[in-house]
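Here's the letter readout for the chains.
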Amino acid sequence: MYKPRVGDYVVVKTNGIAAKLIRLGTLSRWNHAAIVVSVDGPVPLIVEARPTGVSLRPISEYETYALNQHEELTDAQRKTIADFAMDQVGKPYDFLDILFLIFRILGLRLPPTRFWEKLATGNGYICSELVTVSYQRADVTVSDKPECFVTPGDLAERLIYQ
C-alpha cells in the first residue's frame, strides 16, 4: 500500500449535496482536492480550500481518496509545494471561482474568461486551484487550464495518465 508523501495531491469523493453537484457538473467521481503537507504524525495532514477557508486537516477525515503516487518530484519540489500550501492556511475560499465554474457547467460563456482570471487572482482559492498554484510554485504543471478553472476531476484524470 502506498504511503502518502509530502507534496502529493489528493482527490477526494464526499457525499454532501454540493459534492454530488460538483461531481455531476464536472462529470467526475471526485469533488475535492488537497495537498499532503505532513506525514510525521500518526495520520498525514493535508491543506485544503473549503468554504470556510484554507485549512489544515488530517487526511483521515475522508474515506474515499486517491493520491498522485506516481508523481516524479524532487525533495525540493515537494517541500516547495507543501510550504506554499501551508502559507495559504487562513486565506479565504474563492466563491467567485465556483460561480464561474457553474457558468461553464451550464454552458454559459459570459463574462469573458480573462475577466474571471483577473478577478480570481489573489482573492482566495478553491480546492483544485490551491493544488494547481502550489504545484506551479515548484515548476510543475498539472493542467493546461488557467488555475482558477481546474477541477478535482481534471486532477483525477491526470492521475490516470501519469
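Before reading on, note that the structure itself is shown above.
Residues take numbers from 1 onward in each chain, read along the sequence in its written order. Confidence filtering applies because this is a predicted model: local features only for residues at pLDDT of at least 70, side-chain atom pairs given and counted only at 80 or more, and all residues used for totals across whole chains, interfaces and linings. Excluding hydrogens and water, the side-chain figures rest on all heavy atoms present in the structure.

S.K.: Explain the overall build of the chain to me, using residue names and the numbers behind them.
M.R.: Counting from the N terminus, the helices are DSSP H or I runs at least four residues long and the strands are E runs at least two residues long. What the chain contains, in helices and strands, is six helices and five strands. Its helices and strands taken in sequence order, the chain reads β-α-β-β-β-β-α-α-α-α-α from the N to the C terminus. Three exposure classes are used, based on accessible area relative to the maximum for each residue type with a 1.4 Å probe and protein chains only: buried under 20%, partly exposed in between, and exposed over 50%. The buried share of the chain, taken over its 162 residues, is 46%. Long-range contacts, defined here as pairs at least 24 residues apart, represent 65% of the contacts in the chain between residues at least 6 apart. Accessible surface for the chain amounts to roughly 8900 Å². Of this, 56% is attributable to carbon and sulfur atoms. Throughout, a residue-residue contact means that at least one pair of heavy atoms, one from each residue, lies within 4.5 Å. We get accessible surface area from the Shrake-Rupley algorithm with a probe of 1.4 Å; when it comes to residues, only the shown protein chains can shield them.

S.K.: How would you sum up unusual backbone geometry? Please name residues and give values.
M.R.: Backbone geometry at D139 places phi at a positive 60°, although glycine is not the residue there. With respect to the helices and strands, the residue D139 is situated in the loop between helix 5 (127-137) and helix 6 (152-160).

S.K.: I'd like to hear about the nonpolar core, residue by residue, with values.
M.R.: Residues Y9, V11, Y125, V131, Y135 and L155 are the most contacted members of the largest nonpolar core, which totals 29 residues. No other element matches the five residues that helix 5 contributes to this core. Residues belong to a common nonpolar core when they are buried Ala, Val, Leu, Ile, Met, Phe, Trp, Tyr or Cys residues joined through side-chain atoms within 4.5 Å. Counting residues in hydrophobic clusters, the runner-up holds eight residues, among them V36, I59, Y62 and L67.

S.K.: Please provide a residue-by-residue account of the pattern of salt bridges, values included.
M.R.: A carboxyl oxygen of Asp or Glu within 4 Å of a side-chain nitrogen of Lys or Arg is what we treat as a salt bridge. Under the definition given, this model contains six salt bridges. Where D83 meets K79, a salt bridge forms, and the shortest distance between an N and an O atom there is 2.5 Å. Here the residue D83 and the residue K79 both occupy positions in helix 2 (residues 75-87), the gap between them amounting to four residues, near one helical turn. The class of D83 is partly exposed, set by a relative accessible area of 35%.

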